[in-house]
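Residue-level structure breakdown
If you want the building blocks of each chain, they are given just below.
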Amino acid sequence: MSSHPQAARRLDLMEGIAHIAKSLPNATLYGAGYSLGAGMLLNYLGHMGPNSLLKRALAVSPSWDFHRETSCFYYWSHYRLNHSLYRYAMVRTEYNWLV
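Residues numbered from 1 in each chain as written. Predicted model: local features only at pLDDT ≥ 70, side-chain atom pairs only at ≥ 80, totals over all residues. Heavy atoms only, no water.

If you tally the helices and strands in the chain, you get 3 helices and 2 strands. Within the span of the chain, comprising 99 residues, buried residues form 16% of the whole. Of the roughly 8000 Å² of accessible surface on the chain, a fraction of 60% belongs to carbon and sulfur atoms. (Helix = DSSP H or I, 4+ residues; strand = E, 2+ residues; numbered from the N terminus. Buried < 20%, exposed > 50% of the residue type's maximum accessible area, 1.4 Å probe, protein only. Areas by Shrake-Rupley, 256 points an atom, 1.4 Å probe, with all protein chains shown as cover.)

The next point concerns the pairing of strand β2 (residues 56-60). Alignment of strand β1 (residues 30-34) against β2, held across 5 bridges, turns out to be parallel. Across the sheet, G33 pairs through a bridge with A59, a residue of β2. In this region the chain leaves β1, passes through helix α2 (residues 36-48) and returns to the parallel neighbour β2; the handedness of that crossover is right-handed. (Pairing = 2+ DSSP bridges. Right-handed = clockwise from strand over helix to strand, strands pointing away.)

This part covers the confidence of the model for the chain. Overall, the prediction assigns the chain a mean pLDDT of 78, with 64% of residues at 70 or greater. The spread of mean pLDDT over the elements of the chain runs between helix α3 (residues 66-98), the lowest at 64, and helix α1 (residues 11-23), the highest at 93. (pLDDT = per-residue confidence, 0-100.)

Before going further, it helps to spend a moment on the nonpolar core. Judged by nonpolar contacts, I17, L29, L41, Y44 and L54 together constitute the single largest core of 5 residues. The contact partners of I17, leaving out residues within four places of it in the chain, are L29, Y44, L53 and L54. (Core = buried A, V, L, I, M, F, W, Y, C linked by side-chain atoms within 4.5 Å. Contact = heavy atoms within 4.5 Å.)

On to a nonpolar patch on the surface, then. On the surface, Y34, L58 and V60 cluster together into a nonpolar patch covering about 320 Å² of accessible area. In this fold, L58 is placed in strand β2. When its relative accessible area of 51% is taken as the criterion, L58 is described as exposed. (Patch = residues over 30% accessible without salt bridge, like charges linked within 9 Å, V, L, I, M, F, W, Y side chains within 5 Å. Salt bridge = Lys/Arg side-chain N within 4 Å of Asp/Glu carboxyl O.)

In structure tokens form, the structure reads like this:
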């Protein structure tokens, strides 16, 4: 199994939705996802069909060919995002030391 996030993995989402539905039996549940989350949501809906516990769902910008997109995501998350988060954390740490 790949260590990269995959929209094909829906068990966490299924368990989370089932837990919320059980905890709040009178609640109307809605789902929304963006990018990888949208792919996971669509996978969940496709698997569950009419048995889905969600009343409505919104999928924004899902990755339709995720295997092709994974290399781009890997580069972006490991080089661009990590560097930006590191710089942000260092600035916040320096600021907290000065206060």
